[in-house]
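Okay, here's what each chain looks like letter by letter:
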Amino acid sequence: MKGIDDHILLKRIKEGDRESFRELYNKYHQPLYYLSKKYLKDEIFAKDAVQDIFVKVWKKRDELNESSSIKSFLFTMLKNHVLNMIRDKKNHRKILNELKRTDYSSSESNPIENQVIYSEYLDFLKKAVKKLSPAERKVFQMKSFEGLSNAEIAEKNEVSVNTVKTQYYLSSKFVRNYLKKHADLFMLLIIYLFQV
């Protein structure tokens, strides 16, 4: 099956041909991974991003456009996915930093309102963190609140760096989804305002 044209692969994938899907994966997963790693600077996150893209392609194979370039489609999907991952990863830390830097003494700011926003966000964040497993909670707190590196966390917890990366990825994904689900419209607006 080597060397089959992308349009033929695409047609067969739409028909549910797993072998053609495997061929597509083998053809493009490596360049997609290199691009993903270039921006995410992390092997595990980069691999996850590529896997997510191929899972989406398989799940939505019925909607694929046979006349379009599958290569362009894959790279566009990856770019958007990676940008979302970068934004979401930084989001909660950026909000906390911005809210902490707010000048409560400024005449232009409302100190009571600012304090309420900060308290509400912290409350939602604490509730989300409480729902994590003990190991994920520890890693999330050490990385997000204490600013420790993966290597430092691994050494303190006597686990591998890859374990730390995986636990942080899973915990930050859960916290992000919790905040999106439970924060009210006002809090979502605040999150939106501080996005990268």
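In what follows, the accompanying structure is described.

Parameters and conventions
- Residues numbered from 1 in each chain as written.
- Predicted model: local features only at pLDDT ≥ 70, side-chain atom pairs only at ≥ 80, totals over all residues.
- Heavy atoms only, no water.
- Axes fitted to C-alpha atoms, helices over the stretch in contact; angles between N-to-C directions.
- Helix = DSSP H or I, 4+ residues; strand = E, 2+ residues; numbered from the N terminus.
- Left-handed = near helix turned anticlockwise from the far one by under 90°.
- Contact = heavy atoms within 4.5 Å.
- Buried < 20%, exposed > 50% of the residue type's maximum accessible area, 1.4 Å probe, protein only.
- Phe/Tyr/Trp six-rings, centres within 6.5 Å; stacked < 30°, edge-to-face > 60°.
- Lys NZ or Arg CZ within 6 Å of the ring centre and 35° of its normal.

### Description of the packing of helix H2 (residues 18–40) against helix H3 (residues 43–59)
Argument step 1. For the pair H2 and H3, the least separation of the axes is 8 Å and the interaxial angle reads 145°. Crossing of H2 against H3: the hand is right-handed. Facing Arg18, Phe21, Leu24, Tyr25, Tyr28, His29, Leu32, Tyr33, Ser36, Lys37 and Leu40 of H2, the residues of H3 in contact are Glu43, Phe45, Ala46, Lys47, Ala49, Val50, Gln51, Phe54, Val57 and Trp58.

### Comments concerning the environment of tyrosine 39
Argument step 1. Checked against the element boundaries, tyrosine 39 lands in helix H2.
Argument step 2. Classification of tyrosine 39 by relative accessible area gives partly exposed; the value is 47%.
Argument step 3. Through-space distance from the C-alpha of tyrosine 39 to that of leucine 83 is 8.6 Å; in sequence the pair is 44 residues apart.

### What to know about the packing of aromatic side chains
Argument step 1. Across all of its chains, the model carries six aromatic pairs by this definition.
Argument step 2. With a centroid separation of 5.8 Å and an interplanar angle of 55°, the aromatic rings of tyrosine 33 and tyrosine 34 are classed as tilted.
Argument step 3. We classify tyrosine 33 as buried; its relative accessible area is 12%.
Argument step 4. Taken together, the aromatic side chains of Phe21, Tyr25, Phe54 and Trp58 make up a single cluster linked through ring pairs.
Argument step 5. Sitting above the plane of the tryptophan 58 ring, arginine 61 keeps its charged end 4.0 Å from the centroid.
Argument step 6. Against the face of tyrosine 168 rests lysine 143, its NZ or CZ located 5.4 Å from the ring centre.

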